[in-house]
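What the coordinates show
What follows is each chain in one-letter form.
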Amino acid sequence: MQTKRLIIVAVGGQGNLLASKVLGEAALLCGVPVRMSEIHGMAQRGGVVESSVVFGDAKSTIISDGEADVLVGFEPLETLRALNKCSRETTVITNMTPLPPFTVAIGRGTYPDLNQLQTLIQAKTKQLIAFDAVELAKSAGSVLAVNIVLLGALIKTGILPITKENLQTAIRTKTKKAFVDVNLKAFDLGFQLPGQA
Amino acid sequence: MHKLLTDSPGEKMLLLGNEAIARGAIEAGVAFATTYPGTPSSEISLNLFQISNESDLYFEYSTNEKVALEVAAAAANSGVRTFCMMKHVGMNVAADPLMTLAYVGVKAGLVILTADDPFMFSSQNEQDNRYYGKLSGVPILEPSSVEEAREMTIAAFDLSEQLGEPVILRTTTRINHSSAFVALGTIQPRNTKGDFTKDPFNLVAVPAVSRRLHVRLLENWAKARSIAETSVFNFIEGEGSWGIVCSGVSYNYVSDAIHELGIQNKTRILRLGLTHPTPPGRVKDFLTGCEKVLVVEEGEPFLEETVMAFAQKAELTVPIAGKDETLFSRLYEFDPTMVRQVIATYFGVDDTPSQVPDLSDIPEIPQRPPNLCAGCSHRATYYAVKKAAEGMETIFPTDIGCYTLGFLPPLSMGDFVICMGSSVSTSCGFSKATGKQVIGFIGDSTFFHSGLTGLVNAVYNNHNFTLVILDNGTTAMTGHQPHPGVDMANFNRSGYGRISIEAVVRAIGVEHVSVIKPYKVKKSIEAVKAAIEHKGVSVVISQEMCTLYARSLKKLNVRAFQVTDKCKNHRDCINEIGCPAFFLEGERVQIDPNACVGCAVCAQICPENAITPVKDKKAG
Ligand code: SF4
Ligand code: SF4
């Protein structure tokens, strides 16, 4: 089975661990081997959280520079920071709502211009899908569903060997009961975005 | 029911490496477990702590790793299967009992888990704990995957009983914090009732006894070595005259690399899982017929040196390499591409490196360092100490916990840290050696871990410094585990003792002790000043529950603050305490009402009284 490598980057608290868990369950339903790795620890105090998900027969759980097939960023600056994981063959999906790091918030650093950020990513990778996932999550019923909106956009690209149906099943079984409807809606909104089919 | 108690063998579950290890221990019928929390090992104990609430498993958070291992040693010598978990540096603390426990041995399985942290994602060093196996004579098992972590945990208990020795299960962060689908096995019944048979001439390690026990240990070690010769965890894979020896996560990178390089039919892998004692016969068989050999292991050249020594003994002249300026480094962790490149270089095959884009035109990306939470009481305490010590020449030894982050600007509180408990003893040294004003910081959990002994030393030797104990009612850094000062009702547990830090400090004989509430800024500054003025050892206990923890316990009454028009924009708030709830909007300071927890510290330091509670809006 062909190996597909996915990097998810987020700021602590944005729910990327749940997103990888849902993906993992969907992979099991699709009969696809999956391995994941996450970096947390000191990052829990407002730092960066990164997870790698490797689909297919590879044994490694981490992804080297230039080796990601897909990069999903929950925050634009963090997407830019993770660009070293990408190559010309990589598809990048990113939320465009900034969460400025504290260093920027207090004037000790500049947040890059969002247009420039998109141009840069576009120039260096195969495809960029950038949108305001927070807006879509809100219209699905909760800002907390940003992670699931992004999963919708991710599955739409068709890069991962995961079907829409199995991902929806994983949302039903692996996210909190009270959030299932919101999450399914959030997934659909992400899925409806233009991407590959 | 806890998911790790699921009794359906064969079922596949997505587990974190640490959960797989906890599950392995449950399947092995572990009945007794001890630990001191430390990343990357913490989730193993968290799961066992939860399970102990629903079963007859005994679990404890011990005051430190030495205590944890000593408690475990007694249980295992009473015939109860016991698990003792720690992070790699915890093993340094437990090293004292470990060395002699190897002599004394165990009656039932005792597995000591050490979670090593190459690249130091959350640690102060990246020591390779395989040397503890060598130092103590205790066998080491090293899993390569999450699935194998479950399997090896069970095997470790069996091996421990087979030998009558504790066994070290050594993982690295990439095992602990990776997830995969794990097929569950059968849960063996727990034997929780032990018994102890007196046998002083084998169990009391006085010199005459130990002289004999050392002989026994060496016999066991030889037995372990012959087990390693045939262990299923040590296997050879593939055919060819290029040899690769590896262990742990490196095996995954090697497997992927030789497929990607297309050299499967030229390469043989010796994967060692029972890495200590390393089996000489296995290694010799492997080396014979190899044209050249590469050893792939993170950390120190532990296997490399052993394999070379075996080759020398067998008079084999095959080239063997591993750590070398042109090959692998002793620094940090490996990654798949790096391993593939080194393999390609060493065996002289072409590697098409992945096309990393040129990133030279990317603007400077602002850092996102971890930070003390909004409203964290440590920030308030640091501010009070800073104000109280203003104008003095001071040294601030600090310790291990969230509060270590106080060394970052704008607080910049923290000048020296080496290990748990070191703030107290280094304060002794700094004050004696420099004569400067010394103010040390230690957390509550760390105080019980190993701060106490330093404080006893300070009182006894009549040192001169102030110790600030940052008592936030939990072990915050590793995920809010309890410690001897904690109210266990927070965990819905009864039947525990609770120790007052204040009473202990007074009992040791500290003459000047004060307790402050750090959110009361003025009073706190006064109390710290008085403590500094005291000649001799003084202690300030700063009590306020960890904000994050209080929030999770629903004990936080959030009332957000705001910056009003009175603000003159000199930004004392940002420059002095730097709470992450602040941000700049245009040129004006604002407070994010969703982040602010209403500690009111900023309001008290603002000289313009420009920061006031939001009246109409409840934030949260
Ligand atoms: S977790 Fe608690 S102790 Fe740690 S930084 Fe946050 S509020 Fe402070
Ligand atoms: S009151 Fe001030 S210092 Fe406290 S959490 Fe809110 S903004 Fe931060």
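Residues numbered from 1 in each chain as written. Chains lettered and ligands numbered in written order. Predicted model: local features only at pLDDT ≥ 70, side-chain atom pairs only at ≥ 80, totals over all residues. Heavy atoms only, no water.

Within an unreviewed UniProt entry, the label attached to chain A reads Indolepyruvate oxidoreductase, and the organism entered is Desulfosarcina ovata subsp. ovata.

**Focus: the site of ligand 1**
Ligand 1 sits among eleven residues. The nearest are Cys373, Cys376, Cys402, Asn472 and Cys546 of chain B. One finds residues of chains A and B in close proximity to ligand 1. (Near = heavy atom within 4 Å.)

**Quick notes on the site of ligand 2**
Taken together, Gly375, Phe561, Cys579, Ala581, Phe582, Ile591, Cys596, Val597, Gly598, Cys599, Ala600 and Cys602 of chain B make up all the residues around ligand 2. Tallied by class, residues from the shell around ligand 2 come to ten nonpolar, two polar and no charged. (Nonpolar A, V, L, I, M, F, W, Y, C, P; charged D, E, K, R; others polar.)

**Quick word on the pairing of strand E18 (residues 512–516) of chain B**
Residues and elements named next belong to chain B. With five bridges joining them, E18 and strand E19 (residues 537–543) adopt parallel strand pairing. Following the sheet pairing, His512 is matched in E19 by Ser538. Traced from E18 through helix H18 (residues 521–533) to E19, the parallel crossover comes out right-handed. (Pairing = 2+ DSSP bridges. Helix = DSSP H or I, 4+ residues; strand = E, 2+ residues; numbered from the N terminus. Right-handed = clockwise from strand over helix to strand, strands pointing away.)

**Some remarks on the nonpolar core**
In a soluble, globular protein the nonpolar side chains are often hidden away together inside. Counting 153 residues, the largest nonpolar core has Leu48, Phe83 and Ile343 of chain B as its most contacted members. If you tally residues by element for this core, the top one is helix H6 (residues 146–163) of chain B, at nine residues. Ignoring anything within four residues of it in the chain, the contact list for Ile343 of chain B reads Ile244, Val254, Ala257, Leu261, Ile263 and Leu294 of chain B. Counting residues in each nonpolar core, the second largest holds 49 residues, with Ala19, Ala27, Ile148 and Phe187 of chain A among its members. (Core = buried A, V, L, I, M, F, W, Y, C linked by side-chain atoms within 4.5 Å. Buried < 20%, exposed > 50% of the residue type's maximum accessible area, 1.4 Å probe, protein only. Contact = heavy atoms within 4.5 Å.)

**A few points about the confidence of the model for chain B**
Per-residue confidence for chain B gives a mean pLDDT of 95; residues scoring 70 or more make up 99%. The complex prediction reports pTM at 0.94, with the ipTM value standing at 0.92. (pLDDT = per-residue confidence, 0-100.)

**Quick notes on the interface of chain A and chain B**
Listed by partner, the interface residues are 54 residues for chain A and 58 residues for chain B. Summing both sides of the interface, chain A and chain B together bury roughly 4,700 Å²; the carbon and sulfur share of this comes to 59%. Linking chain A with chain B are six salt bridges. Of the charged contacts, one joins Glu147 of chain B and Arg35 of chain A as a salt bridge, the two residues approaching to 3.0 Å between their closest N and O atoms. Take the side of chain A that touches chain B: its biggest share by element is six residues, from strand E2 (residues 34–39) of chain A. The residue makeup of the side of chain A that touches chain B, split by class, is 22 nonpolar, 17 polar and 15 charged. (Buried area = accessible area lost by both parts, 1.4 Å probe. Salt bridge = Lys/Arg side-chain N within 4 Å of Asp/Glu carboxyl O.)

**Quick look at the pattern of salt bridges**
Residues and elements named next belong to chain B. In this structure the tally under the stated criterion is 36 salt bridges over all chains. Its salt-bridge partner being Arg81, residue Glu161 comes within 2.7 Å of it at the nearest N-O pair. With a gap of 80 residues between them, Glu161 in helix H6 and Arg81 in the loop between helix H3 (65–76) and strand E4 (82–87) connect regions that are remote in the sequence. With its nearest N and O atoms 2.9 Å apart, the salt bridge here joins Lys387 to Glu390. The class of Lys387 is partly exposed, set by a relative accessible area of 21%. One network of salt bridges, in which partners are shared, links Asp116, Asp128, Arg130, Glu142, Arg170 and Glu297.

**Concerning the packing of helix H5 (residues 133–140) of chain A against helix H8 (residues 180–191) of chain A**
Residues and elements named next belong to chain A. Contact geometry of H5 with H8 gives a least axis separation of 8 Å together with a crossing angle of 140°. The pairing of H5 with H8 is recorded here as oblique in orientation. For the crossing formed where H5 meets H8, the hand is right-handed. Residues Leu136, Ser139 and Ala140 of H5 form the contact with H8, whose own contacting residues are Val182, Lys185, Ala186 and Leu189. (Axes fitted to C-alpha atoms, helices over the stretch in contact; angles between N-to-C directions. Parallel < 35°, antiparallel > 145°, perpendicular 65-115°, else oblique. Left-handed = near helix turned anticlockwise from the far one by under 90°.)

**Let's talk about the sheet that holds strand E17 (residues 465–471) of chain B**
All names here are of chain B. Ordered by their spatial adjacency, five strands build an open sheet running E15-E16-E17-E19-E18, and the pairing between neighbours is parallel. The open sheet is flanked by strand E15 (394–395) and E18, the only strands paired with a single partner. Each of E15, strand E16 (437–443) and E17 touches helix H15 (residues 422–434); the most contacted strand, E16, lies at about 175° to it.

**Quick look at helix H1 (residues 17–27) of chain B**
Taken across its eleven residues, H1 of chain B has eleven buried, putting it largely inside the fold. Taken from the residues just after H1 of chain B, Gly29 of chain B is the one with a positive phi, measuring 75°.

**Some thoughts on the environment of Gly414 of chain B**
Residue and element names in this part refer to chain B. Among the structural elements, Gly414 can be located in the loop between E15 and H15. The spatial distance from the C-alpha of Gly414 to the C-alpha of Glu142 is 36 Å, given a sequence separation of 272 residues. Apart from the residues within four sequence positions on either side, Gly414 is in contact with Phe396, Thr398 and Phe407.

**Section: the sheet that holds strand E9 (residues 235–237) of chain B**
Residue and element names in this part refer to chain B. One open sheet holds the five strands; their spatial order is E9-E11-E10-E13-E14, and the pairing between them is mixed. Unpaired on one side and paired on the other, E9 and strand E14 (320–321) mark the two borders of the sheet. Bridging between E9 and strand E11 (residues 267–272) involves three bridges; their strand directions are antiparallel. When the sheet's bridge partners are listed, Phe235 is paired in E11 with Arg271.

**Quick notes on the packing of aromatic side chains**
Given two aromatic rings, their pairing is described by the distance between the two centres and the angle made by the two planes. Following the criterion strictly, the structure yields 19 aromatic pairs over all chains and no others. Relative to Phe441 of chain B, the ring of Phe396 of chain B has its centre 5.9 Å away and its plane inclined at 35°; by these criteria the two rings are tilted. Placement of Phe396 of chain B in the loop between E15 and H15 and of Phe441 of chain B in strand E16 is noted, with a sequence separation of 45 residues between them. Each member of the pair, Phe396 of chain B as well as Phe441 of chain B, carries the same accessibility label: buried. Above the plane of the ring of Phe191 of chain A lies Lys156 of chain A, whose end atom (NZ or CZ) is 5.5 Å from the centre. A cation over a ring is seen here: Arg268 of chain B above Phe286 of chain B, with NZ or CZ 5.1 Å from the ring centre. (Phe/Tyr/Trp six-rings, centres within 6.5 Å; stacked < 30°, edge-to-face > 60°. Lys NZ or Arg CZ within 6 Å of the ring centre and 35° of its normal.)

**Overview of the environment of Gln543 of chain B**
For Gln543 of chain B, the position within the fold is in strand E19. Not counting the four nearest positions on each side in its chain, Gln543 of chain B is found in contact with Asp471, Val515, Ile516, Lys517 and Pro518 of chain B.

**Quick word on unusual backbone geometry**
Residues and elements named next belong to chain B. Note that the residue after Thr39, namely Pro40, is joined by a cis bond; omega there is 10°. Positive phi, normally seen in glycine, also occurs at Ala600, with a value near 70°. Mapped onto the elements, Ala600 comes out in the loop between strand E22 (588–591) and helix H21 (601–605). Non-glycine residue Asn609 carries a positive phi angle of around 55°. By the element assignment, Asn609 lies in the loop between H21 and strand E23 (611–613).

**Quick notes on helix H17 (residues 501–508) of chain B**
All names here are of chain B. Along H17, the positions that sit buried rather than exposed are Ile501, Val504 and Val505. Along H17, the residues classed as buried sweep out an arc of 95° about the axis, all on the same side. Residues of H17 that are buried sit in contact with helix H16 (444–460), E17, E18 and E19. Positive backbone phi, at 110°, marks Gly509, one or two positions downstream of H17. (Arc of directions from axis to C-beta.)

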